[in-house]
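# Descriptive structure summary
The residues making up each chain are set out below.
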Amino acid sequence: MKETTLYRLTEQVRRFGQQEQLWLPGDVIVVAVSGGVDSTVLLHIMKEIAGDKELGLGLICAHLHHGLRGDEADRDAEFVRKLAKQLGIPFDLGYADVRAYMKQTGQSLELAAREKRYEYLHQVAARYGASSIALAHHADDQAETVLMRLLRGSGPSGLAGMRPKRREKNVELIRPLLRIYKTDLLQACRESGLAYVEDSSNLDKELTRNSIRLDVLPFLGQYNGQLPESLNRLAVLTAAEDDYLHQEAVKLYAELVRTEGGIFSLEAPLFSGLHVALQRRLIKLILNYLPLSTEDRDFVKVEAIRQGTIQDRPTTWSLDLGGGVRCVREYDKIRFIPPAVESRIPHYTYLVEQIPAEVPIEGLSQSLRITRSGAGRELHVKAEGNNEAIFDADELVYPLTVRSRLPGDVMKVMGLNGSKKVKDIFIDAKIPPSLRSRIPMVTDAAGRILWIPGVRRSAVAAVNPRTTSVVHMVLTPRPDLDRTP
């Protein structure tokens, strides 16, 4: 390739691809080609780069006929087919009825066409075993995207614009031309005599992106002669800072967020100590794991959760996040509850007929381990916290039972002359209402509640100097369940 604009752009894309790791040796890449200037130049550039024997890239030229522009669309499809044949690249042609899809979904023409296009490109990638889909978005497209998102009131993630590489459905979407402007692409076509087709729909100002490109950007350009460059610089800077904040939020997620029974939870006091930027990021990260559409994760809801969480006084509230998802505050605990998770679980009863035993706890990622030992060191060991309890084995009536809570449950409490309602024990311990039905009761055959794991031990069968054997109960994480999504 001679020292032409096309050669210069090819070398620029080659360096950009290495810098951003857009491809690896042996990758198969689907190149989305409409036949316009951008995608035509992209296909020529990718053909040249794929010729590098050390890379060994495989290319597929893919074109979707949207069924929107009649003969013009037929002409475009035929042009791309001939171009692929000329370059010796396998060609794949797809058809979509975008207008029918619009009626079916109620979406705008722009969104419907975009969804069908990406659906087709993913299908092509799957058929050919491709690792990437190359899209022809360039620097002017990036400027339009940033301005559109700015007008919508997007945050930093939106103002970062399109990324050079983004994973979607196990395929990388790559944008090799993202640092190249349209004027250079047109210059490359003129110098090298590359033919391309014009899409008349690009002049339709009813489409938002066209209106931004044809009206808004030129108008604002009166105040900044390098507006596209400024918007691209904003995207690059914001993307770096957005990535950094995301990494910090991921670290905090690992430290502060717990998952149990499909419920995500965090402690309000720990959350309140974070910088406000990380508070919002952490909430958004949690919401990403929940079945919410993008529109549901808006600033208003994130801010409502944040403000409710940083309140100083203990409080209880519930916020509907849409899609059946709820955010609930109970005392100092914040919980995000998906629609599939019920606040109450069915009644259960496990009969412990033999000891040792390990009993899984319904609705919790924990199990109850029960062992028995004779005279020796364990007789003098005290329980460490509320997650374990030790009993005089000879004072218990067997078999033991692990069951869910029942209305009217009472327990004989140490230091109290008599019994106390389990409900009141939960209230005193500030156990959130949404968790009370999940906490098990350990009873013996006499019907006495021996222990509420994680909460409180009863006064029954206390170990004393005359004890000759003990039953040791420990609440432990279940090794078959992961606590993080």
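Residues numbered from 1 in each chain as written. Predicted model: local features only at pLDDT ≥ 70, side-chain atom pairs only at ≥ 80, totals over all residues. Heavy atoms only, no water.

By the naming in an unreviewed UniProt entry, the protein goes by tRNA(Ile)-lysidine synthase and is assigned to Paenibacillus barengoltzii J12. Regarding the protein, the UniProt comment filed under Sequence similarities (unreviewed entry) reads as follows: "Belongs to the tRNA(Ile)-lysidine synthase family." Database annotation for the protein, UniProt heading Subcellular location (unreviewed entry): "Cytoplasm". (UniProt positions renumbered as here; feature names shortened; annotations may be inferred.)

## Quick word on the sheet that holds strand E9 (residues 315-322)
Taking strand neighbours across the sheet as the criterion, the 5 strands line up as E7-E8-E11-E10-E9 in an open arrangement whose pairing is antiparallel. The open sheet has two edge strands, strand E7 (258-260) and E9, and neither has a second partner. Direction aside, neighbouring strands of the sheet carry axes that sit 20° apart on average. Of the pairings in the sheet, the one linking strand E10 (residues 325-331) to strand E11 (residues 333-337) comprises 5 bridges and is antiparallel in character. (Pairing = 2+ DSSP bridges. Helix = DSSP H or I, 4+ residues; strand = E, 2+ residues; numbered from the N terminus. Axes fitted to C-alpha atoms, helices over the stretch in contact; angles between N-to-C directions.)

## As for a nonpolar patch on the surface
A contiguous nonpolar patch, built from Phe-219, Leu-220 and Tyr-223 and spanning about 340 Å² of accessible area, is present on the exposed surface. As for its placement among the helices and strands, Leu-220 is situated in helix H9 (residues 208-220). For Leu-220, a relative accessible area of 31% gives the class partly exposed. (Patch = residues over 30% accessible without salt bridge, like charges linked within 9 Å, V, L, I, M, F, W, Y side chains within 5 Å. Areas by Shrake-Rupley, 256 points an atom, 1.4 Å probe, with all protein chains shown as cover. Salt bridge = Lys/Arg side-chain N within 4 Å of Asp/Glu carboxyl O. Buried < 20%, exposed > 50% of the residue type's maximum accessible area, 1.4 Å probe, protein only.)

## Brief notes about the sheet that holds strand E14 (residues 366-373)
Backbone-to-backbone hydrogen bonds pair the strands of a sheet. The strands run either parallel or antiparallel. The 4 strands lie next to each other as E13-E14-E22-E15, forming an open sheet whose pairing is antiparallel. Every other strand in the sheet has two partners, leaving strand E13 (357-360) and strand E15 (388-392) as the edge strands with one partner each. Here the average twist between neighbouring strands, direction ignored, is 20°. Examined bridge by bridge, E14 and strand E22 (residues 470-477) share 8 bridges and lie antiparallel to one another. Looking at the pairing, Gln-366 lines up with Pro-477 of E22.

## Overview of the UniProt feature "binding site: ATP" (unreviewed entry) in the protein
Following the UniProt record, the feature "binding site: ATP" (unreviewed entry) maps to Ser-34, Gly-35, Gly-36, Val-37, Asp-38 and Ser-39 here. We classify Gly-36 as buried; its relative accessible area is 17%. Sequence-distant contacts of Val-37, defined by excluding residues within four places in its chain, comprise Lys-182, Leu-185, Leu-186, Cys-189, Tyr-196 and Val-197. (Contact = heavy atoms within 4.5 Å.)

## A word on the environment of Ala-235
Within the secondary structure, Ala-235 is located in helix H10 (residues 227-256). Take Ala-235: its relative accessible area is 2%, and that puts it in the buried class. With 76 residues separating them along the chain, Ala-235 and Gln-311 place their C-alpha atoms 35 Å apart. Excluding anything up to four places from it in sequence, Ala-235 contacts Gln-142, Val-146, Leu-159 and Ala-160.

## Some words on the UniProt feature "domain: Lysidine-tRNA(Ile) synthetase C-terminal" (unreviewed entry) in the protein
Residues annotated by UniProt as "domain: Lysidine-tRNA(Ile) synthetase C-terminal" (unreviewed entry) correspond here to residues 400-473. The distance separating the terminal C-alpha atoms of residues 400-473 is 11 Å; by composition the span is 15% helix and 31% strand.

## Re the pattern of salt bridges
Pairs can form between side chains of opposite charge once their charged atoms are near each other. Overall, the coordinates contain 28 salt bridges when judged by the stated rule. The closest approach of N and O atoms between Arg-8 and Asp-184, which form a salt bridge, is 3.5 Å. With Arg-8 in helix H1 (residues 5-20) and Asp-184 in helix H8 (residues 182-192), this residue pair connects regions lying 176 residues apart in the sequence. Note on Arg-8: relative accessible area 40%, which makes it partly exposed. In this structure, Asp-243 engages Arg-163 in a salt bridge whose closest nitrogen and oxygen atoms are separated by 2.8 Å. Taken together, the residues Asp-243 in helix H10 and Arg-163 in the loop between helix H7 (156-159) and strand E5 (165-168) connect sequence positions 80 residues apart.

## Focus on H10
Taking 1.5 Å per residue as the helical rise, H10 with its 30 residues ought to reach 44 Å, and the 42 Å between its terminal C-alpha atoms agrees with that figure. Of all the positions in H10, only Leu-227, Leu-231, Asn-232, Ala-235, Thr-238, Ala-239, Asp-242, Ala-249, Leu-252, Tyr-253 and Leu-256 are classed as buried. (Expected span 1.5 Å × (residues − 1).)

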